[in-house]
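If you want the building blocks of each chain, they are given just below.
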Amino acid sequence: MSDNNNSNEKMELIVSLAKRRGFIYQGSEIYGGLSGTWDYGPLGVTLKRNIMNLWWKMFVDERDDMYGVDAAILMNQKVWQASGHVDTFSDPLVECSNCKSRFCAEKIDISKCPTCGKENSFGEPRQFNMMFKTHVGPVDDESSVSYLRPETAQGIFTNYKNVVDSFYPDLPFGIGQQGKAFRNEISPRDFIFRTREFEQMEIEYFVQPEKWEESFEMWRKLVWDWCEVIGLSTESVHELEVPENERAHYSKRTIDFEFDFPIGRQELLGLAYRTDFDLANIQRVAGKSMEYSEKGTNNKLIPHVIEPSFGVERALMAILSSAYTEDEVNGEKRVFLKLPENLAPVKYAVSPLLKNKPELVAKAREVYEILKKKYGAVMWDDNGNIGKRYRRQDEIGTPNCVVIDFDSLEDNTVTIRNRDTTEQKRVAIDIL
Ligand code: GAP
């Protein structure tokens, strides 16, 4: 089988596992779906939260130079005029004159329609703005226009002055935000890779203009640390220096961090030098000073900005792709998710060896309660035989399975089985 087929097959296996085991379902599936939307099931939402909580801990809680915000998704339309999104946040759209399929001109070979195969069927591209437009309030006119935010970044820039006035932090400092972003992508595709509704985790890091390179390098290293923490191997992540003609309108330098997804090498996250583009625009359009007064001097300046921008779904897809593993146990194929323990949605599964022995069930319940109090993410599993339970837990990436047997009743020990090695050890309940 070619590499390409292998990759497609791996992607299909991941999508199927994600659905079967309650990680990710198609959005509005019961009504035939809604393109570019996905819903997270019980395990998916926990995995996603674990990723977001880890990010928040690493980049906000554990740092002295970071502040968090949570801004409204709907914002005054002036935000998107000032930021340049109303004028420039668009993709070139082409339509096939034969089958009427629409594509982003940059994503296909426009000499032949990918849907109907007709050659030279596309006219000139027209610019299609990707923001979802809506109206706020009961009046449907130009003054009530608003947009679902296409990036969380602007909620940070518009609160920069509030944070400075409340906390008066020294430069450099950063503001982080996590939350939904919306883009009316012309062709959403590849599972959760390109969707119309997704989540971002963004940092705007405010620096003295002449020191931007120092902070850019610091964040470049921190991005690599992040990739390691979420379990991506160094060989699977690549830096791409984005050439000037492909950079976003606000950026003077961008490095895309790409990952070897099963669908190919694609953007995982971005690191950009946004200069004073956003703060200067806010100052101009809102007519309010965005200057920062340096403590102990008469210096005033508009800080420049380094922006590491992470997509939650892309991180999740990279984590699932890295974790998806097949091996052979006792001559049988086994599928397991080798998730980092802190990201695994279930940390321990607890089972009585036999579910029709009340004394085993009672003891197992006791152990389950202890672990549940301690770790929270603990699952009770007494369905099928032990082998089947192990396979089920392997597939959802549970690092530890605990089994209570007749010896447990005598000596207060249990069997704990490791997901990756399948090794089983006898340990005392007290030290679990
Ligand atoms: N504030 C900068 C910004 O939004 P971007 O490169 O357009 O930059 C940042 O987006 C990240 O958001 C991407 O690297 C990706 O991880 C994620 N992202 C962007 N569009 C997405 C989409 N349609 N579906 C899923 N994730 C997306």
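Rules behind the numbers
- Residues numbered from 1 in each chain as written.
- Predicted model: local features only at pLDDT ≥ 70, side-chain atom pairs only at ≥ 80, totals over all residues.
- Heavy atoms only, no water.
- Pairing = 2+ DSSP bridges.
- Helix = DSSP H or I, 4+ residues; strand = E, 2+ residues; numbered from the N terminus.
- Axes fitted to C-alpha atoms, helices over the stretch in contact; angles between N-to-C directions.
- Disulfide = S-S within 2.5 Å.
- Parallel < 35°, antiparallel > 145°, perpendicular 65-115°, else oblique.
- Contact = heavy atoms within 4.5 Å.
- Nonpolar A, V, L, I, M, F, W, Y, C, P; charged D, E, K, R; others polar.
- Near = heavy atom within 4 Å.
- Polar contact = N/O pair within 3.5 Å; in protein donor to acceptor, adjacent residues only side chain to side chain.
- Areas by Shrake-Rupley, 256 points an atom, 1.4 Å probe, with all protein chains shown as cover.
- Expected span 1.5 Å × (residues − 1).
- Buried < 20%, exposed > 50% of the residue type's maximum accessible area, 1.4 Å probe, protein only.
- Arc of directions from axis to C-beta.
- Salt bridge = Lys/Arg side-chain N within 4 Å of Asp/Glu carboxyl O.

A. The arrangement of the sheet that holds strand 4 (residues 90-95) in detail. Ordered in space as 5-4-6, the three strands form an open sheet in which the pairing is antiparallel. Looking along the sheet, the strands with just one partner apiece sit at the ends: strand 5 (102-104) and strand 6 (126-129). For this sheet, the mean inter-axis angle between neighbouring strands, taken without regard to orientation, is 45 degrees. Here strand 4 runs beside strand 5; their pairing, made up of three bridges, is antiparallel. From the neighbouring strand, E95 faces strand 5, where its bridge partner is R102.

B. Focus on the state of the cysteines. Per the counting criterion, the structure on display carries zero disulfides. Here C96 stays free of any disulfide, with the sulfur of C116 as its closest cysteine sulfur at 3.7 Å. Free of any disulfide, C104 has its nearest neighbouring cysteine sulfur in C113, separated by 14 Å.

C. Molecular detail of the packing of helix 2 (residues 42-61) against helix 9 (residues 312-323). Their axes nearest at 10 Å, the elements helix 2 and helix 9 cross at an angle of 110 degrees. One way to sum up the angle between helix 2 and helix 9 is to call them roughly perpendicular. Taking contact as the criterion, the partners of G44, L47, K48, I51 and M52 in helix 2 are, on helix 9, V312, E313, A315, L316, I319 and L320. Residues that form the contact of helix 2 with helix 9 fall into these classes: eight nonpolar, one polar and two charged.

D. Looking closely at the site of the ligand. For the ligand, the set of nearby residues contains 20 residues, the closest of which are E151, R183, E185, E202 and E267. Take Q200: an N or O atom from its side chain is 3.0 Å from an oxygen atom of the ligand. A total of 550 Å² of accessible area belongs to the ligand in isolation, and the protein chains cover 91% of it. Ranked by residues supplied to the shell around the ligand, first place goes to strand 13 (residues 264-275) with five residues. Within the shell around the ligand, the residues separate by chemical class into six nonpolar, five polar and nine charged.

E. Quick look at helix 10 (residues 358-375). Over its 18 residues, helix 10 runs 25 Å from end to end, which matches the ideal 26 Å to within 8%, given 1.5 Å per residue. Looking at helix 10, one finds that the buried residues are L360, K363, A364, V367, Y368 and L371. Down the axis of helix 10, the buried set is contained in an arc of 145 degrees. They therefore lie on one face. In helix 10, the exposed residues that point more than 90 degrees away from the buried face are P358 and K373.

F. Structural view of the sheet that holds strand 21 (residues 400-404). The five strands are arranged 20-19-21-22-23 in an open sheet whose pairing can be described as mixed. Across the chains shown, the open sheet's two edge strands, defined by having one partner strand only, are strand 20 (378-380) and strand 23 (424-428). This sheet shows a mean twist of 30 degrees between the axes of neighbouring strands, independent of strand direction. On top of the sheet, helix 10 reaches strand 19 (348-352), strand 20 and strand 21; it is set at about 165 degrees to strand 19, its chief contact.

G. Focus on the pattern of salt bridges. Applying the stated criterion to the full structure yields 30 salt bridges. As a salt-bridge pair, D65 and R63 come within 2.8 Å of each other at their nearest N and O atoms. In terms of burial, D65 and R63 fall into one category: buried. We note a salt bridge from R334 to D327, for which the minimum N-O separation is 2.9 Å. The exposure class of R334 is buried, given its relative accessible area of 0%. Residue classification places D327 among the partly exposed residues on the basis of a relative accessible area of 27%.

Keep in mind that these numbers describe shape and distance, not what the molecule does.
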